[in-house]
Amino acid sequence: MLYREAGQFKASYAADQAIFPIAQDRVLMAILLVVAAVVVPLTATQYLYTAILIPSLILALAAIGLNILTGYCGQVSLGTGGFMAVGAYTAYNLFIRVPELNLLLVLLAAGAMAALVGVIFGIPSLRIKGFYLAVATLAAQFFLDWVFARVPWLYNYSPSGSVGVPDLYVFGFPVITPTQRYLFILAIVALMALVAKNLVRSSVGRAWMAIRDMDIAAEIIGIRPLQTKLSAFAVSSFYAGVSGALWAFLHLKSWEPAAFDINRSFSLLFMIIIGGLGSILGSFIGAAFILLVPIFLNQVPPALGIPLSTATISHLEFMIFGALIIFFLIVEPHGLARLWQIGKEKLRLWPFPH
Amino acid sequence: MTQQSGRKIGGPLLKVQGISLSFGGVKALSDVSFEIRQHEILAIIGPNGAGKSSMLNVINGFYHPQSGTVTYKGATRKQMQPHEAAEQGIARTFQNIALFKGMSTLDNIMSGRLLKMKVNFFLQALYWGPAQREEIAHREVVERIIDFLEIQAIRKTPVGKLPYGLQKRVELGRALAAEPDLLLLDEPMAGMNVEEKEDMCRFVLDVNEEFGTTIALIEHDMGVVMDISDRVVVLDYGRKIADGVPDEVRANKDVIDAYLGVSH
Ligand SMILES: Nc1ncnc2c1ncn2[C@@H]1O[C@H](COP(=O)(O)OP(=O)(O)OP(=O)(O)O)[C@@H](O)[C@H]1O
Ligand SMILES: [Mg+2]
């Protein structure tokens, strides 16, 4: 009976259209934010930050981007890693060439450049769909991989091909320790997640979903397919770009193009399939899940006295992801986020079965 | 939904002249001409494969005819793009429902108002001030449509989960949300039971009456056609064989041979 909306009458459309129309959800979200912003910084260990919290927040951001394109607008992409790389290398080049530039502006520029590149690679989407579009974005991925490995100016002629950044500051504040980095990333990711949520519940979002669900009908209600698809590519790649810059600057700190290769693209796609296509919440759940499974496999079986070899663990990982992806694609395309939703619906009726 | 109410059939709103359309060897339409007059309900009938749906597709720019012209609101063109047709106030429903299956009833109908929503992308991203006000203003219009179509209970249901009859209703709602001047309905009552048909007839008549919306609809049920239409155009094998008020058409020898004769 805890999760109950009875008695909560929405007196206005504004209330009904709120992101969390049900009070318990609002409370839950507030608690979550307090935990993330206050409790975590007071208690988290270095390991929790660098192995779990920081990477899952950053990858969730890229997953939101991919979810906008694939989950909301229906355009499959295997190029997210490439767009993250555009963000990372744009940020890097700005950083070494215009060192006085504010970190926030660097991130903005990283997103903008990725958006531009995303739009260019999105143009074929007017003519091709589904599998063929996936192949076209795969080509984008390989092309971008090649560019960042083979154009020396982009990696500042570093002999090893790997680049890095020193300690960073924003408005004079250090973003160096795990706590500092975590809080900075949390702020950006929370803000961008809110923006994404706003977009998908506005008319831009409805246009994206219309294109996804039936492009023919979308056209007859006045949606311009190319414009709409390109806007999804732009927003999606912007998110990927910012995420890529954060990944490089605040998680890896020194990196090479392989950090953004096809495996990154695939793992992001897995995140949104498992987390939930067409769900912002699902992007977070998916990112955390994909990150936690290997950690879980590494730590729990040995603790239970079942030591597993590294090879076994990585095989297990693939098997689990594979099985889950097949399960979600066939049974529940809305992923873990949908299961959470169903759980809540059950709770809403609990303890009455109907 | 703020158009002039009452209805008085006026001059032609849309005129098709000498439309011919073929797909490879198949002639879907040959030299078809007729007009749709302001505020009327025009029925387009004909046996299966007569070219009725193709005609609607030509009107809203979905198919591009090899020859002929479409004159709409005084401007003559050879063809248009679907989104142009939408911008000019032509809305339609499809024979095989074309809803956005993953979206709720509310979102489907809201999407019908897309062309009327002007707030820019950045304000939408912030969901702030003008963006929120616009969203709510349109929500109010959409809620009136929902009340009118009596689908309050399925507001938040994903349309893919709705039964066929309700989906047809939601699709009508989406078309109405655009406040069209010309509404094209492709078999809005197909596959419905008697009650659902009656409801749908009532909606069509009410829309026409209250908002003065001009309606062209395709329908196979002759009872419905005779009841609700002001005029009837009959197509057979891609050609127009009759055009007139229902009683005239019913008495027409060619029509009896080609169409009524077949079904009786
Ligand atoms: N996109 C298309 N490609 C090829 N042939 C088509 C296409 N659309 C229509 N046709 C052909 O054009 C002819 C007319 O089809 P249309 O759908 O307009 O008929 P209709 O009068 O709407 O029939 P029904 O009552 O069965 O809906 C048919 O022979 C059909 O096969
Ligand atoms: Mg048809």
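Residues numbered from 1 in each chain as written. Chains lettered and ligands numbered in written order. Predicted model: local features only at pLDDT ≥ 70, side-chain atom pairs only at ≥ 80, totals over all residues. Heavy atoms only, no water.

## Details of the sheet that holds strand E7 (residues 182-186) of chain B
All names here are of chain B.
Argument step 1. If you trace the 6 strands from one edge of the open sheet to the other, you get E6-E7-E8-E3-E9-E10, paired in mixed fashion. What marks the edges here is a single partner per strand, and that holds for strand E6 (90-93) and strand E10 (239-244). Going from strand to strand, the sheet's axes swing by 15° on average, the running direction of each strand aside.
Argument step 2. Here 4 bridges tie strand E3 (residues 41-45) to strand E9 (residues 231-236), and the two strands are oriented parallel to one another. Along E9, the bridge assignment pairs Ile44 with Val233.
Argument step 3. Against the sheet, helix H1 (residues 52-59) engages E3, E6, E7, strand E8 (214-218) and E9, with an angle of about 150° to E7.
Argument step 4. Seen against the sheet, helix H7 (residues 194-211) touches E3, E7 and E8 and runs at an angle of roughly 155° to E8. (Pairing = 2+ DSSP bridges. Helix = DSSP H or I, 4+ residues; strand = E, 2+ residues; numbered from the N terminus. Axes fitted to C-alpha atoms, helices over the stretch in contact; angles between N-to-C directions. Contact = heavy atoms within 4.5 Å.)

## With respect to helix H10 (residues 225-252) of chain A
Residue and element names in this part refer to chain A.
Argument step 1. Across its 28 residues, H10 extends 38 Å between first and last C-alpha, which sits within 8% of the 40 Å expected from 1.5 Å per residue.
Argument step 2. The largest bend along H10 reaches roughly 25° and is located at Leu246.
Argument step 3. Taken across its 28 residues, H10 has 21 buried, putting it largely inside the fold.
Argument step 4. Phi turns positive one or two residues past the end of H10, at Lys253, with a value near 75°. (Expected span 1.5 Å × (residues − 1). Bend = angle between axes of the 7 residues up to and from the residue. Buried < 20%, exposed > 50% of the residue type's maximum accessible area, 1.4 Å probe, protein only.)

## Considering the site of ligand 1
Residues and elements named next belong to chain B.
Argument step 1. Residues in close proximity to ligand 1 total 14 residues, the closest being Gly49, Lys52, Ser53, Ser54 and Gln95.
Argument step 2. Gly49 places a polar main-chain atom, nitrogen or oxygen, 2.9 Å from an oxygen atom of ligand 1.
Argument step 3. The side chain of His220 places a nitrogen or oxygen atom 3.1 Å from an oxygen atom of ligand 1.
Argument step 4. With the chains in place, 65% of the 630 Å² that ligand 1 exposes on its own is no longer accessible.
Argument step 5. Only strand E2 (26-37) and H1 provide two or more residues apiece to the shell around ligand 1.
Argument step 6. Top element by residues in the shell around ligand 1 is H1. It accounts for 3 residues.
Argument step 7. Here the shell around ligand 1 is built from residues that sort into 5 nonpolar, 7 polar and 2 charged. (Near = heavy atom within 4 Å. Polar contact = N/O pair within 3.5 Å; in protein donor to acceptor, adjacent residues only side chain to side chain. Areas by Shrake-Rupley, 256 points an atom, 1.4 Å probe, with all protein chains shown as cover. Nonpolar A, V, L, I, M, F, W, Y, C, P; charged D, E, K, R; others polar.)

## What about the domain arrangement of chain B?
Residue and element names in this part refer to chain B.
Argument step 1. Examined at the domain level, chain B breaks down into domain 1 (1-89 + 180-264) and domain 2 (100-178).
Argument step 2. The centre of domain 1, based on its C-alpha atoms, is set 26 Å off from the matching centre of domain 2.
Argument step 3. Carbon and sulfur atoms supply 72% of the area buried between domain 1 and domain 2, which totals about 1,500 Å² over both sides.
Argument step 4. Scanning the region where domain 1 abuts domain 2 turns up 2 salt bridges. (Domains from an automatic or database assignment. Buried area = accessible area lost by both parts, 1.4 Å probe. Salt bridge = Lys/Arg side-chain N within 4 Å of Asp/Glu carboxyl O.)

## A closer look at the environment of Phe148(B)
Residues and elements named next belong to chain B.
Argument step 1. One can find Phe148 in helix H5 (residues 130-148).
Argument step 2. In this structure the C-alpha to C-alpha distance between Phe148 and Glu248, which are 100 residues apart in sequence, comes to 33 Å.
Argument step 3. Each residue touching Phe148, except ones within four places of it in the same chain, is listed here: Leu176, Phe203, Asp206 and Val207.

## As for the packing of helix H4 (residues 80-97) of chain A against helix H11 (residues 262-275) of chain A
Residues and elements named next belong to chain A.
Argument step 1. Interaxial distance between H4 and H11 falls to 7 Å at its minimum, and their mutual angle equals 115°. Residue-level inspection shows Thr80, Gly81, Gly82 and Met84 of H4 in contact with H11, the latter providing Arg264, Ser265 and Leu268.
Argument step 2. In terms of residue class, the contact of H4 with H11 is made up of 2 nonpolar, 4 polar and 1 charged.

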